2 protein chains.
Amino acid sequence: MCGGIGSRFWPYSRTDCPKQFIDFLGTGRSLLQMSYDRILPIVPKENVIILTNAIYADKVREQLPDLTDAQILLEPARRNTAPCIAWAAYHIAAFDPEASIIVTPSDHLITREAEFERCVRAGFEFVEANDALLTLGIKPVRPETGYGYIQVDEAVSGDVHKVKTFTEKPDLELAKTFVACGEFVWNSGIFLWRARTIIAALHDNAPEVAMVFDEGADAFGTAAETAFIEQRFASCMSISIDYAVMEKARNVYVEAVSFGWNDLGTWSALYDMSPKNKDGNVTQNCQVLAYNATGNIFAVRGDKLVVVDGLTDYIVADAGDVLLICPQAHEQRIKQMVNDARLSYGDKYL
Amino acid sequence: MCGGIGSRFWPYSRTDCPKQFIDFLGTGRSLLQMSYDRILPIVPKENVIILTNAIYADKVREQLPDLTDAQILLEPARRNTAPCIAWAAYHIAAFDPEASIIVTPSDHLITREAEFERCVRAGFEFVEANDALLTLGIKPVRPETGYGYIQVDEAVSGDVHKVKTFTEKPDLELAKTFVACGEFVWNSGIFLWRARTIIAALHDNAPEVAMVFDEGADAFGTAAETAFIEQRFASCMSISIDYAVMEKARNVYVEAVSFGWNDLGTWSALYDMSPKNKDGNVTQNCQVLAYNATGNIFAVRGDKLVVVDGLTDYIVADAGDVLLICPQAHEQRIKQMVNDARLSYGDKYL
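Below or above, wherever it landed, is the structure these notes cover. (Residues numbered from 1 in each chain as written. Chains lettered and ligands numbered in written order. Predicted model: local features only at pLDDT ≥ 70, side-chain atom pairs only at ≥ 80, totals over all residues. Heavy atoms only, no water.)

Helix and strand counts for chain A come out as 11 helices and 16 strands. The C-alpha atoms of chain A give a radius of gyration of 21 Å, which matches the 20 Å a tight globule of 350 residues would have. C-alpha extents for chain A along the principal axes are approximately 60 × 50 × 35 Å. Within chain A, contacts between residues at least 6 apart in sequence are counted, and of these 64% link residues at least 24 apart. About 14,300 Å² of surface is accessible on chain A, with carbon and sulfur atoms providing 50% of the total. Once the 32 positive and 47 negative side-chain charges of chain A are each reduced to a mean point, those two points are 3 Å apart. (Helix = DSSP H or I, 4+ residues; strand = E, 2+ residues; numbered from the N terminus. Rg over C-alpha atoms; globule rule 2.2 N^0.38 Å. Contact = heavy atoms within 4.5 Å. Areas by Shrake-Rupley, 256 points an atom, 1.4 Å probe, with all protein chains shown as cover. Lys, Arg positive; Asp, Glu negative; His and termini not counted. Charge placed at Lys NZ, Arg CZ, Asp CG, Glu CD.)

Listed below in C-alpha cells is the structure:
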C-alpha cells in the first residue's frame, strides 16, 4: 500500500512526493524501496503488487523499475485501506483464490529484517492452515500513545493468538498499564490471509464494500479491470480495514512479533529512530551549523546549509518553497497548518 | 560607494548579491537604486560615479542601466573607504579639480528625500565657499550604541559646525549622555568636498595613500587609468576615510541634519525600520503563517511560504542554499557563523 500523502511530515513530505517515496533515513533507498527490498526474500518479485494513487504511477515506476505496469494498481481516488485491500484481494483471487497475501504499508521502518522474514513465514503457515485473518502485533517497547493496541487472548499456535480486543490510542497512564500487563501489542497494520478468506470476511463484515467489487467479478484479471476500477472504485465508502473487518470478524488472530518496527508516523518518531549528531540534532539531507541548538530535527530537500542558534526540540523542515519551523511538542498542529496553507494559498504549497 | 559584502545580513545578503543590490524594503528598488534615485535631483546622471568591486560590475550595470561603463569604477580589491574615495577624487580631479563631490554609501536608508536634497545643497554651498571637508552628522533620535558620534563645536554657517571630536561607538550610558546634551550627532559616512580639497587632505594626513595615486597622475581620466588601477590599487593599505583623514585633518566640519537616516547596519535596525504585520513580524519577500510567533524578521529569497510556530524575536533568513535561524539578540554572532561556514565549506555558502 503506497497511496498515502504523508501530511504529518509536511512540508518535507509533499503531495507530489509523499513520505514513502523519500529516502527518510538517508540510506540511499526510499521507504517504499526499503519495503520492497524487505519483502523480496519472501515474495517473488513478479508477485509483488503496488497499490497507489494514480498520481504516483510514475514515482513507483521510477523507484521500482523491476516491476511491470501490470503490477502497479492505480487507485483513481483515495478511499482508505478497506477498498484498497479489497481490490488487491479480488485482483489476486482472479488468478488464484487460494493465494496467500501479505498486505503491508510501504512507509514503515523495520530494522530486523531476518526476524521479519521469520515472522512472516510463520504467519503464512498459519493462514494457509487455517481460515484466519492474521495481523502482526508488535510487542511494545514503550508506553506509546500514538498507536492502536490489540489485546491478545490465549496462544493458538506458536506466537499466534486469538484477538481479545482492539483498543484506540490510549492516554499515557493506560498505555503504561497496557505495556506492564504484557497482554497488549501494537497494531502494525500488516496483515496476512488467503485471498478467499479476506473476500469472505468483506462479505460478512463490510458487504457495502464487497458489493462494489462483486459487480466487477468478470473484470478482474482481464483487460476490463482498469475500466471497471475507473468507473466504480470511487463509489466505495472510505473506511479502514480495521473498522471494516478486523474489529468485527470472528476469525481474527494476531501474531506477536518483535522486529524493530516503527511506523514513522510523526517527526518525533523519526527523531527517536534516527542517529543524532554530536549536538543531539538529527539532520535529514542537510549540513547544520548549530549554536546552542539541540534536540532538533532538520529535514531539508536539496543541498542546503542550515545555521541555527538558540533552538531546542524543534522541527525545521524545508522543501524549497515551504519552510516549517515548529516545536516537536506541537507536531500535532501541523495538520491544521496544512489546512491553513490550503485556505490561504490553495494547493500551491501542499 | 557600492563595494561592500553586507556580511552582517548573511545569508540574505551574499557575496554574489550583497545588501546594496537587494530590494530590502520591498519597494521594488534595491538600496543602490534608491540611493541613485535620491541623488538624481542634485547630481546630473552623467556625473554619478559608482565605485564597486570588479565582481559586481554586472550587477551595477543591470540595476543602473542609465550609466555608461565609464561611470562605473571597478576596484580590483577591497581596501575600505580611503583608497576608494581617493581614487574617485583623483579620477574626478583629472576632469575638474574644482569639482565638488558628495560621497555616499549606497546601502543606507533615507526617508525624507526633500530634506536630504536641501541639506546636500547647503553642504555644497559650504564646501564650494570654503576649504572644507564636510561630513553629514545626523541629529540622534535615540541612544544608539551601534554608531560613531561626532561632537560639534560652534556653528560656523547655518547648520555647519566645526568638529570637536570623533567618538567610537559608546556604551548605552554614554550614548544617553550624548543624546541628552545635544552636542553630538551620528557619523553618517556621507561626505562633501571639492576634489582638490580631499586630495590635499590625503597628502597631509594619509601620504601613503596619496603616494600611490600620485604615481598615476598622468593616467587618470585617460585610457591608461584602468591598467594603472589594476596594477597599483591593491597595494594601498586598507583604511577607512575616518581614520585616514577625517579624525586628523584640521579643516573638518559637520552639518547637523535630520532626514530620517538609518544605515540598516543590522537585522534589528531593519526590523525597527520595517512595517510590521498584525503578528508583529516583519516579512521580506515571503508569505508567513505565524502561530505564537511575534517580533521576528523573515527574509527569504525566492517564492516561499514560511510556517512558524513558537518563535519570538528571531531572524529567519533563507537564501536558497543557506537557512539562518538566530535570535535577534545574537545577531552580532552572525559574523562568527559566516567564518565557521567558511572554515567548514570554503566559499560555497558565502
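This next bit is on the relation of the copies chain A and chain B. Once chain A has been moved 0.2 Å along the axis and rotated by 180°, it coincides with chain B to within an RMSD of 0.1 Å. Here the two chains are linked by the operation of a two-fold rotation axis. Considering only C-alpha atoms, the residue of chain A closest to the rotation axis is A:Gly320, which sits at 3.7 Å. Both copies present the same face, since 100% of the interface residues in chain A are matched by interface residues at the equivalent positions in chain B. (Least-squares fit on C-alpha atoms with pLDDT ≥ 70 in both.)

Quick look at the sheet that holds strand E13 (residues 297-300) of chain A now. The strand order across the open sheet formed by 6 strands is E11(A)-E13(A)-E15(A)-E16(A)-E14(B)-E12(B), and the pairing between neighbours is mixed. Among the strands making up the open sheet, the edge pair consists of strand E11 (282-284) of chain A together with strand E12 (287-294) of chain B. Sheet twist, expressed as the average angle between the axes of neighbouring strands with direction ignored, equals 10°. Bridging between strand E15 (residues 314-318) of chain A and strand E16 (residues 322-327) of chain A involves 5 bridges; their strand directions are antiparallel. Bridging across to E16(A), A:Val316 finds its partner in A:Ile325. Packed onto the sheet, helix H11 (residues 334-345) of chain A meets E15 and E16 of chain A together with E12 and strand E14 (305-312) of chain B and runs at close to 140° relative to E12(B). (Pairing = 2+ DSSP bridges. Axes fitted to C-alpha atoms, helices over the stretch in contact; angles between N-to-C directions.)

The next point concerns the sheet that holds strand E16 (residues 322-327) of chain B. Strands sit in the order E12(A)-E14(A)-E16(B)-E15(B)-E13(B)-E11(B) across an open sheet of 6 strands; the sheet is mixed. The two strands at the open ends of the sheet, each matched to only one other strand, are strand E12 (287-294) of chain A together with strand E11 (282-284) of chain B. Averaged over neighbouring strand pairs, the angle between their axes works out to 10° when direction is ignored. Relative to strand E13 (residues 297-300) of chain B, E11(B) runs parallel, the two sharing 3 bridges. In the strand pairing of E13(B), B:Gln284 is matched with B:Ala299.

Taken together, the contact between chain A and chain B spans 35 residues of the former and 35 residues of the latter. Counting each side, the surface lost to burial between chain A and chain B is near 2,800 Å², with a carbon and sulfur contribution of 56%. Taken together, the connections running from chain A to chain B amount to 6 salt bridges. With its nearest N and O atoms 2.7 Å apart, the salt bridge here joins A:Asp318 to B:Lys304. Where chain A meets chain B, there are 28 residue pairs in polar contact (both at pLDDT 80 or more). Put simply, the parts of the chain that give the side of chain A that touches chain B at least two residues each are E12, strand E14 (305-312), E15, E16 and H11 of chain A. Among the elements that make up the side of chain A that touches chain B, the one with the highest residue count is E14(A) (7 residues). Among the residues making up the side of chain A that touches chain B, the classes are represented as 20 nonpolar, 7 polar and 8 charged. Judged from the 4 bridges that link them, E16(A) and E14(B) form a sheet pairing that is parallel. Each residue of the ladder has a partner; that of A:Leu323, found in E14(B), is B:Val306. (Buried area = accessible area lost by both parts, 1.4 Å probe. Salt bridge = Lys/Arg side-chain N within 4 Å of Asp/Glu carboxyl O. Polar contact = N/O pair within 3.5 Å; in protein donor to acceptor, adjacent residues only side chain to side chain. Nonpolar A, V, L, I, M, F, W, Y, C, P; charged D, E, K, R; others polar.)

Residues and elements named next belong to chain A. Omega for the peptide link from Trp 10 to Pro 11 comes to 5°, which places this bond in the cis form. Within the secondary structure, Pro 11 is located in the segment before helix H1 (31-39). Unusually for a residue other than glycine, Asn 292 sits at a positive phi of about 50°. Examined against the element boundaries, Asn 292 turns out to sit in strand E12.

Attention now goes to the packing of helix H3 (residues 81-95) of chain B against helix H7 (residues 207-214) of chain B. Residue and element names in this part refer to chain B. Across the interface, H3 lies against H7 with an axial gap of 10 Å and an inter-helix angle of 40°. The angle between H3 and H7 places the two elements in the oblique class. When the axes of H3 and H7 are compared, the crossing they make is right-handed. Here Pro 83, Ala 86, Trp 87 and Tyr 90 of H3 come into contact with H7, specifically with Val 209, Ala 210, Phe 213 and Asp 214. The class makeup of the residues in the contact of H3 with H7 is 7 nonpolar, no polar and 1 charged. (Parallel < 35°, antiparallel > 145°, perpendicular 65-115°, else oblique. Left-handed = near helix turned anticlockwise from the far one by under 90°.)

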